[in-house]
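A look at the structure
Spelled out from the first residue to the last, the chains are:
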Amino acid sequence: MKVLKFGGSSVKQADRITQVKDIILSTVEKEGKVAIVVSALGGVTDLLLDTAHLAKAGDGSYKECVDELYYRHRRTAETLLPEAAMKEFLPFLKEKNRNLENLYNGIFLLKELSPRLLDYVASYGELMSSFLISIYLKQFSDDVYFIDSRELIITDDQFQNANVNYDITYANIAKQFSADKGIYIQGGFISSTEEGVTTTLGRGGSDYTAAIVAAGLDADEIEIWTDVNGVMTSDPRKVQDTFSLEEMTYEEAMEMSHFGAKVIHPPTIQPALDKKIPIRIRNTFQPDFAGTLISEHTKDNMPVKGVTSISDIALISVQGSGLIGVTGIAGRLFSTLARQKVNIILITQASSEHSISFAIRPNDKERARKAIEDEFTFEMKANMIDEIEIEEQLSIVAVVGSNMKNTIGVAGSFFQALAKNGVNIRAIAQGSSELNISAVISKQHESKALNALHLAFFLAQRKTVNLFVVGTGLIGKTLLQQVNKQNNFLKESQSLEVRLVGITNTRKMLIDTDGIDLSTWDDNLNSNGELADLDRFIDSMKEINLANSIFVDCTASETPIRYYKDILKSSISISTPNKIANSSSLADYMELKYLANKYKVKFLYETNVGAGLPVITTLNDLLQSGDEVLKIEAVLSGSLSFIFNSYKGDLAFSDIVKEAKERGYTEPDPRDDLSGKDVARKVLILSREIGKHIEMDDIDIENILPQACIDAPTVEEFFTALEANNEHFSQKRDAAAAEGKVLRFLATISDEKATVSLKAVDANDPFYSLSGSDNMIVFTTARYHDRPLVVKGPGAGAEVTAAGVFAEIISISNYLS
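Overview of the structure. (Residues numbered from 1 in each chain as written. Predicted model: local features only at pLDDT ≥ 70, side-chain atom pairs only at ≥ 80, totals over all residues. Heavy atoms only, no water.)

Our next topic: the sheet that holds strand β10 (residues 279-283). Spatial ordering of the open sheet is given by β3-β5-β2-β1-β8-β10-β11-β9, a layout of eight strands whose pairing is mixed. The open sheet terminates on both sides in strands that have one partner only, identified here as β3 (144-147) and β9 (247-249). Mean inter-strand twist for the sheet, computed between neighbouring axes without regard to direction, equals 20 degrees. The strands that helix α1 (residues 14-31) touches are β1 (2-6), β2 (33-38), β5 (182-187) and β8 (221-226); relative to β1, the one it contacts most, it runs at about 180 degrees. (Pairing = 2+ DSSP bridges. Helix = DSSP H or I, 4+ residues; strand = E, 2+ residues; numbered from the N terminus. Axes fitted to C-alpha atoms, helices over the stretch in contact; angles between N-to-C directions. Contact = heavy atoms within 4.5 Å.)

Right, dumping it as structure tokens:
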């Protein structure tokens, strides 16, 4: 025999009760006999209690609530029942309504509302729903039996959380369910004393009723029908990509419930646990889904079954020398808290015995503080115990699984997942049973922590990174095209999903935590984006606080740079081709590196120097492996490389510069390239990477532009001035050609100095054979001395630069996983 329990969401309205009927009839067809426990119609219990409090407060609007209760049940009945059945139900409904009117009127007049009276008021929800559904089921079966749960479940008189007398209750159940077949239906949650006074079973009372009935009948299984597909791996409102568990143990279910998961209320499971009756959590709205089976043992070997949290707690710490080695301190502490009915959620104690910390609900903190101060008055006056420390705005995150004790590395994965996402731990607890690992963290990091832990334990073979992209120019647009084209391959080959969560330019911004479609992001941004505001964009990114977030700055603007430090402090990695941050003051450069290291995130800028070429990576590999860099010579500008490689006499210098700009090789203002400043920024970055503490003013930059070109107020006027000075450049070219040389814009970094200049090089020089927009970097080191290490390839263009950023995104994903 099975016991089926349907919660308030399952019986909220007529169409849902129709679904419940189908489930019940299907079960009866297979089982022959079934016990049904139903909650009040969704929201009715709250309305009953709220109405009572209105009446107590002298608010006459309680009468409108009584009418609402009556007509809600009547409308539901009229939808479900034929006329003949309505004649049976209406007298019952009217009687209960008159009783409620009298009850509420008495409360209104006396302004009194005892726990006993609250229980009596609350019982009407289950009484009315169970009787209504029993009448409805009679239209489909002759063997339907309505049971008033108060005649079945006998308790003491601890109102609102009554204790069950199992001996009498089980005897009543055995007597009541005597028929061989049929549908027995009763309300959950409600009970009575031996004297017939109505009581309730407290939180989770309807589940408790189902467990009691199942235990009394030695049922084969309890099915708890709700609005989710069984027990989820985590709360889907906070965590992405959760899924239903096939099975779990009683202990796992109780542990997850303790830490906030809406599985079942722990005390309700006890009768079923005592009789080892399996419990299955199922979805009323997807009845074909098997749900989650909760039983004594499971067949799977999953070390972790759930990631859960308690959202708002206070952490109290009691510490001082008077705790060390003193017998009975902990006993006194927790006894005094128990006397004040302070519920303790988590306890942790340092092995030095210098401190004891415990988590409680914030509304208990002052009562707890006073109780501790009263108990330890002597010790505190003698400075043996310090002033009580209370921290708020905290949460507890936990992983739960009975197989953790048999699995190596669970704790390591737990702490690593939090650390890599910048989640600081305030306290840790793990029981000797190893059923859970819990950590107290800042409340603002709860969602990020849950997602990071869920990824680590349930989606370890699949990684997700969340991009927040600033800049939709050539590089930004090309990057998103590359990600969109490659995403399916990355999912299949590396189990990596790159999601675009936020995007902004100077006009519009758009953020969607579910992800922005990479194939239509531009239309979406233009159609649905709001007015761009980088302050709000950054604030939203931090508030959303997604695990594995990456900020991608695809601009050449100073504006996003102002936010870098704050972003790194928020434990968000950065990838950028924007050179401004690393070529600003040495102090800022050093601080950015320091913050990335401190907050365990990545600050990557490979494309600052060589677009898609592995320049900084190669340099860092040399240094980290112990090599010594003696000299760096380089063509570091793809735009200038293209310009001077193409300047062979067949085209005017100004025409070549125009072509370079049209191809996207130069900065928006080509003077940033031709002035040597862009190359100088790269020289500055490379110099700092090898440990030189220099500023931009320390670099010797040769100015190759005539003054008229420098002074031109606009880019258009610059090109006019450049055209007028073509002869200036042709003279330099001709002079070099007369010596069998070509012009190359070279950067040199040595012990003595760093320079940027236009040089004529002959055929023996490695830079002579450069073509197109290629860059070349020549590293002369202690190991690569006679034959320097050369890195060569395209140094400009949106495709290679975007590809370099894309490679960094993948690199960061590997670090975060």
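From this point, the discussion proceeds with the structure in view.
One non-glycine residue, Phe-189, adopts positive backbone phi at about 80 degrees. In this fold, Phe-189 is placed in the loop between β5 and β6 (190-193). Despite not being glycine, Asp-241 has its phi angle at roughly 65 degrees, a positive value. Assignment of secondary structure puts Asp-241 in the loop between β8 and β9.

Before going further, it helps to spend a moment on the packing of aromatic side chains. Following the criterion strictly, the structure yields 24 aromatic pairs and no others. Aromatic side chains Tyr-70 and Tyr-71 sit 4.9 Å apart centroid to centroid with 80 degrees between the ring planes, which places their arrangement in the edge-to-face category. The exposure class assigned to Tyr-70 is buried, which follows from its relative accessible area of 9%. Each ring, one from Phe-644 and one from Phe-653, has its centre 5.7 Å from the other, and the planes form 45 degrees; the classification is tilted. Taking relative accessible area as the criterion, Phe-644 reaches 4% and is therefore assigned buried. (Phe/Tyr/Trp six-rings, centres within 6.5 Å; stacked < 30°, edge-to-face > 60°. Buried < 20%, exposed > 50% of the residue type's maximum accessible area, 1.4 Å probe, protein only.)

Spatially, the three strands line up as an open sheet ordered β4-β6-β7, and their pairing is mixed. Strands with a single pairing partner mark the edges of an open sheet, and in this sheet they are β4 (154-155) and β7 (198-200). Where β4 and β6 come together, two bridges link them in parallel fashion. Following the sheet pairing, Ile-154 is matched in β6 by Ser-192. In the packing of helix α5 (residues 115-137) onto the sheet, contacts are made with β6 and β7, and the angle to β7 comes to roughly 80 degrees.

With that settled, the discussion passes to empty space enclosed by the protein. Counted under the stated rule, the structure contains three cavities of 30 Å³ or more. Counted as a void, the largest cavity has a volume near 110 Å³. Forming the boundary of the largest cavity are 13 residues, of which Gln-240, Asn-451, Leu-455, Thr-464 and Asn-466 lie nearest the centre. When residues of the lining of the largest cavity are traced back to their parent elements, those giving at least two are α14 (446-458) and β18 (463-470). (1 Å grid on protein atoms, 1.4 Å probe; cavity = no way out; pocket = protein on both sides within 12 Å on 5 of 7 lines; lining within 4 Å. Points joined across faces, edges and corners; volume = space filled by probe spheres on them.)

On to the packing of helix α6 (residues 166-176) against helix α7 (residues 205-217). Each pair of packed helices can be summarised by the angle the axes make with each other and by the distance between the axes. It is the contact of α6 with α7, at a shortest axis distance of 9 Å, that shows an interaxial angle of 70 degrees. Of the possible angle classes, the one that applies to α6 and α7 is roughly perpendicular. In contact with Tyr-166, Thr-169, Tyr-170 and Ile-173 of α6, α7 contributes Tyr-208, Ile-212, Val-213, Ala-215, Gly-216 and Leu-217. Considering only residue class, the contact of α6 with α7 consists of eight nonpolar, two polar and no charged. (Parallel < 35°, antiparallel > 145°, perpendicular 65-115°, else oblique. Nonpolar A, V, L, I, M, F, W, Y, C, P; charged D, E, K, R; others polar.)

Take the nonpolar core next. Side chains of nonpolar character tend, in soluble globular proteins, to be buried together. With 77 residues, the main nonpolar core has Phe-551 and Ile-643 as its most contacted residues. Membership of the second largest hydrophobic core comes to 52 residues, among which are Tyr-62, Cys-65, Leu-80 and Phe-92. (Core = buried A, V, L, I, M, F, W, Y, C linked by side-chain atoms within 4.5 Å.)

Evaluation of the coordinates by the stated rule reveals 39 salt bridges. The closest approach of N and O atoms between Glu-375 and Arg-339, which form a salt bridge, is 3.4 Å. Of the two residues, Glu-375 sits in helix α11 (residues 365-375) while Arg-339 sits in helix α10 (residues 329-339), which places them 36 residues apart along the sequence. Using a relative accessible area of 23% as the deciding quantity, one classes Glu-375 as partly exposed. Among the residues examined, Arg-339 registers a relative accessible area of 55% and is labelled exposed. Between Asp-374 and Lys-370 there is a salt bridge whose closest N-O contact spans 2.9 Å. Residue Asp-374 and its partner Lys-370 are both found in helix α11; the two are separated by four residues, about one turn of the helix. (Salt bridge = Lys/Arg side-chain N within 4 Å of Asp/Glu carboxyl O.)

Purely geometric stuff here, so don't read any function into it on its own.
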